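Working through the structure, step by step
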Amino acid sequence: MVAHLPLNALRAFETAARTGSFSNAAREMGVSSAAVSQQVKLLEEFWGLKLFIRQGNRLALTEAGQSAYPQLGQSIAQLGTLSDTMRRVEQKRRLVLSAPQSVVETWLAPKLSTLHKAGLATSLDIRVQNDPVDFVRDKIDLRIYYGHDLYSEYKVVRLFSDQLIAVASAEFVAEHGDRIDRIADVHLIHTDWGRDFATSPDWSEAFSRRRIVDRNAGLRVEASSMARNFAEQGFGVALLPECMARESLHSGRLVKLAMTAIPMKHDYLIAHPKRLEASHPIQTVIEALKA
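As a starting point, this report considers the structure included with it.

Considered as a void within the structure, the second largest pocket measures approximately 370 Å³ in volume. Lining the second largest pocket are 18 residues, with Arg 18, Arg 127, Gln 129, Arg 137 and Asp 138 positioned closest to its centre. Of all the secondary structure elements, the ones that give two or more residues to the lining of the second largest pocket are helix H1 (7-19), helix H4 (63-87) and strand E4 (124-128). Among the elements that make up the lining of the second largest pocket, the one with the highest residue count is H4 (five residues). When its residues are assigned to classes, the lining of the second largest pocket shows six nonpolar, six polar and six charged.

Written out as structure tokens, the structure is:
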């Protein structure tokens, strides 16, 4: 007798993989974290495969999980499409642009301002999402991301390369100086770059490893946008991609400290389905982001 496929367990796994944690999946599904964890465990036992490993407070897909997730996401998307068709749901068409939190909060709005002024940005649906995203299920047209190859089956366009700089408020610099090598560890803001970044640069790179930084001292935050905000409020020095600090530097909310910039190891990229390569709205947005 063939065992029945645990559909609830499949949904729990897909939601946890997409949202990055059992707690996020639980909120979306309207159940407890323990219930999601139990369903994933049930699926792992059903398949005889481990699907997740823990990395701090986050989940990472194992090789088996990475193999299953895209196909499962597509299957759920197809079921959703079938459901929409059967219910005769009228689909509202907007251009869906997906990006990580820090990109949306620091860089995206200024880059799209030219489209907004021209009245072309009103049809955009901008979503904050972590990688990996499912283009089919979530009806995503464009995804901005940094330095990995999760979307190699899509059309990928390079947006720009960047570098890391040290920034702080003018008041902080007036009190502590602008020499990064003289800033105490307790005043360094540490960023957990998260799953959307292929590498995790830290303050040790700023000192060329000549100085051992106490990572337990100072403030720790979960996104570059948070590091920028706390630096603006005088909490210390943040290590930021220059693109995310540019507006704050121009406005005077932040100043740059004396430090050799650290080239980021990968480029910022944007991906879209290959069938949309000739789409004028798609190309208009990409050109605005590259400008």
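On to the packing of helix H5 (residues 101-117) against helix H9 (residues 242-251), then. Two elements in contact, H5 and H9, have axes whose closest approach is 9 Å; the angle formed by their N-to-C orientations is 60°. Classified by the angle their axes make, H5 and H9 are oblique. H5 and H9 meet at a crossing whose hand is left-handed. Contact with H5, carried on its side by Ser 102, Val 103, Thr 106, Trp 107 and Pro 110, involves Cys 243, Met 244 and Glu 247 of H9 and no other residues of that element. When its residues are assigned to classes, the contact of H5 with H9 shows five nonpolar, two polar and one charged.

Our focus in this paragraph is the side chain of His 190. Within the secondary structure layout, His 190 lies in strand E8 (residues 188-191). You can call His 190 buried: its relative accessible area is 3%. A polar atom in the side chain of His 190 sits 3.2 Å from the backbone oxygen of Ala 217. When sequence neighbours within four positions are dropped, the list of residues in contact with His 190 reads Trp 203, Val 213, Asp 214, Arg 215, Ala 217, Leu 219, Arg 220 and Val 221.

This part takes up empty space enclosed by the protein. In the structure shown here, the tally under the stated rule is one cavity of 30 Å³ or more. Quantified by volume, the largest cavity comes out at close to 60 Å³. For the largest cavity, the full set of lining residues is Ile 189, His 190, Thr 191, Trp 193, Pro 201, Asp 202, Trp 203, Arg 215 and Leu 239. Ranked by the residues each element gives to the lining of the largest cavity, the list is headed by E8, at three residues.

Time to look at a nonpolar patch on the surface. Taken together, Leu 5, Leu 7, Phe 46, Trp 47 and Leu 49 make up a surface patch of nonpolar side chains, about 470 Å² in accessible area. Structurally, Leu 7 can be placed in helix H1. Note on Leu 7: relative accessible area 60%, which makes it exposed.

Here we take up the side chain of Arg 228. With respect to the helices and strands, the residue Arg 228 is situated in helix H8 (residues 224-232). Residues in contact with Arg 228, not counting those within four places in the same chain, are Glu 105, Thr 106, Leu 240, Met 244, Ser 248 and Leu 254.

Cut-off values and rules
- Residues numbered from 1 in each chain as written.
- Predicted model: local features only at pLDDT ≥ 70, side-chain atom pairs only at ≥ 80, totals over all residues.
- Heavy atoms only, no water.
- 1 Å grid on protein atoms, 1.4 Å probe; cavity = no way out; pocket = protein on both sides within 12 Å on 5 of 7 lines; lining within 4 Å.
- Points joined across faces, edges and corners; volume = space filled by probe spheres on them.
- Helix = DSSP H or I, 4+ residues; strand = E, 2+ residues; numbered from the N terminus.
- Nonpolar A, V, L, I, M, F, W, Y, C, P; charged D, E, K, R; others polar.
- Axes fitted to C-alpha atoms, helices over the stretch in contact; angles between N-to-C directions.
- Parallel < 35°, antiparallel > 145°, perpendicular 65-115°, else oblique.
- Left-handed = near helix turned anticlockwise from the far one by under 90°.
- Contact = heavy atoms within 4.5 Å.
- Buried < 20%, exposed > 50% of the residue type's maximum accessible area, 1.4 Å probe, protein only.
- Polar contact = N/O pair within 3.5 Å; in protein donor to acceptor, adjacent residues only side chain to side chain.
- Patch = residues over 30% accessible without salt bridge, like charges linked within 9 Å, V, L, I, M, F, W, Y side chains within 5 Å.
- Areas by Shrake-Rupley, 256 points an atom, 1.4 Å probe, with all protein chains shown as cover.
- Salt bridge = Lys/Arg side-chain N within 4 Å of Asp/Glu carboxyl O.

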